[in-house]
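The primary structure of each chain is shown beneath.
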Amino acid sequence: MIFTETELKGAFILDVEKIEDERGFFGRTFCQKEFEKRGLETQIAQANMSYNKEKGTVRGMHYQVAPYQETKLVKCTSGSIYDVIIDLREDSSTYGKWIGVELSEENNRMLYVPKNFAHGFITLEDNTSIQYLVSQFYTPGSERGIKWDDPKFGLKWPIEVSVISEKDNSHPYYTS
């Protein structure tokens, strides 16, 4: 795996290092030793997936509060997404900053999302699936959300939002 740290300290883009032959390719999408070497979370409590029927579907922006903060490793397994994370670590030099990364079936990229980051995405194609490896169990009482168009962060979605759940659209604007 090839780890590239983003401008948000502790958040990484991971590219699969492909071993190719006439059959296709083989590559690792998780290695405990490689993650430990970089000081990254290795515990996996849950493996989750989401399927999204329509292009323009937004899910997010989600996070869990202490003591149930989640680290996520996100991979798009079919279709493509614009994956967005926001740094909510108040002691961070990049607090309140965000990045967006295209993850797709084609590029096989993954995004490592540290604890205390909000996470969400918009689908860029119909019939898009995402897989998440998550370090904590889903804990409803610790679940939080930020409205996808919160002006505090100025998120720039690359396409128009056409589908969003009532729950996600009802998230409040962020207050620290």
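What counts, and at which threshold
Residues numbered from 1 in each chain as written. Predicted model: local features only at pLDDT ≥ 70, side-chain atom pairs only at ≥ 80, totals over all residues. Heavy atoms only, no water. UniProt positions renumbered as here; feature names shortened; annotations may be inferred. Buried < 20%, exposed > 50% of the residue type's maximum accessible area, 1.4 Å probe, protein only. Helix = DSSP H or I, 4+ residues; strand = E, 2+ residues; numbered from the N terminus. Pairing = 2+ DSSP bridges. Phe/Tyr/Trp six-rings, centres within 6.5 Å; stacked < 30°, edge-to-face > 60°. Lys NZ or Arg CZ within 6 Å of the ring centre and 35° of its normal. Salt bridge = Lys/Arg side-chain N within 4 Å of Asp/Glu carboxyl O. Patch = residues over 30% accessible without salt bridge, like charges linked within 9 Å, V, L, I, M, F, W, Y side chains within 5 Å. Areas by Shrake-Rupley, 256 points an atom, 1.4 Å probe, with all protein chains shown as cover. Lys, Arg positive; Asp, Glu negative; His and termini not counted. Charge placed at Lys NZ, Arg CZ, Asp CG, Glu CD.

- As annotated in an unreviewed UniProt entry, the protein carries the name dTDP-4-dehydrorhamnose 3,5-epimerase and comes from Cyclobacterium jeungdonense.
- Here the protein is described in UniProt, under the heading Function (unreviewed entry), as follows: "Catalyzes the epimerization of the C3' and C5'positions of dTDP-6-deoxy-D-xylo-4-hexulose, forming dTDP-6-deoxy-L-lyxo-4-hexulose."
- What UniProt states about the protein under its Catalytic activity (unreviewed entry) heading is, verbatim, "dTDP-4-dehydro-6-deoxy-alpha-D-glucose = dTDP-4-dehydro-beta-L-rhamnose".

### Re the pairing of strand β10 (residues 110-113)
- Neither face of β10 is exposed, since Met110 and Tyr112 on one face and Leu111 and Val113 on the opposite face are all buried.
- Where strand β2 (residues 12-15) and β10 come together, three bridges link them in antiparallel fashion. Bridging from a neighbouring strand, Phe12 pairs with Tyr112 of β10.
- As defined by bridge partners, strand β7 (residues 72-78) adjoins β10 across four bridges and the pair is classed as antiparallel. Bridged to Lys72 within β10 is Val113.

### Structural notes on the packing of aromatic side chains
- Considering all chains together, one arrives at six aromatic pairs under this definition.
- With centroids separated by 4.8 Å and ring planes inclined at 40°, the aromatic side chains of Phe30 and Phe35 adopt a geometry described as tilted.
- For Phe30, a relative accessible area of 26% gives the class partly exposed.
- On the accessibility criterion, Phe35 (1% relative accessible area) is buried.
- Chaining the aromatic ring pairs together yields one cluster made of Phe3, Phe12, Phe30, Phe35 and Tyr112.
- When the ring centre of Phe25 is taken as origin, the NZ or CZ atom of Lys18, which lies over that ring, is 4.6 Å away.
- Across the ring face of Phe3, the terminal group of Arg38 is positioned such that the distance to the ring centre comes to 3.9 Å.

### Here's the deal with the pattern of salt bridges
- Going through the model one piece at a time under the given rule, you end up with eight salt bridges.
- For Arg23, the salt bridge is made with Asp21, and the minimal N-O distance between the two is 2.4 Å.
- Judged by relative accessible area, which is 74%, Arg23 ranks as exposed.
- Assessed through its relative accessible area of 34%, Asp21 is described here as partly exposed.

### Structural notes on a negative patch on the surface
- Taken together, the side chains of Glu54, Glu102, Glu105, Glu106, Glu125 and Asp126 make up a negatively charged region of the molecular surface.
- Looking at the element boundaries, Glu106 is found in the loop between β9 (98-104) and β10.
- Overall, Glu106 belongs to the exposed group, its relative accessible area being 69%.

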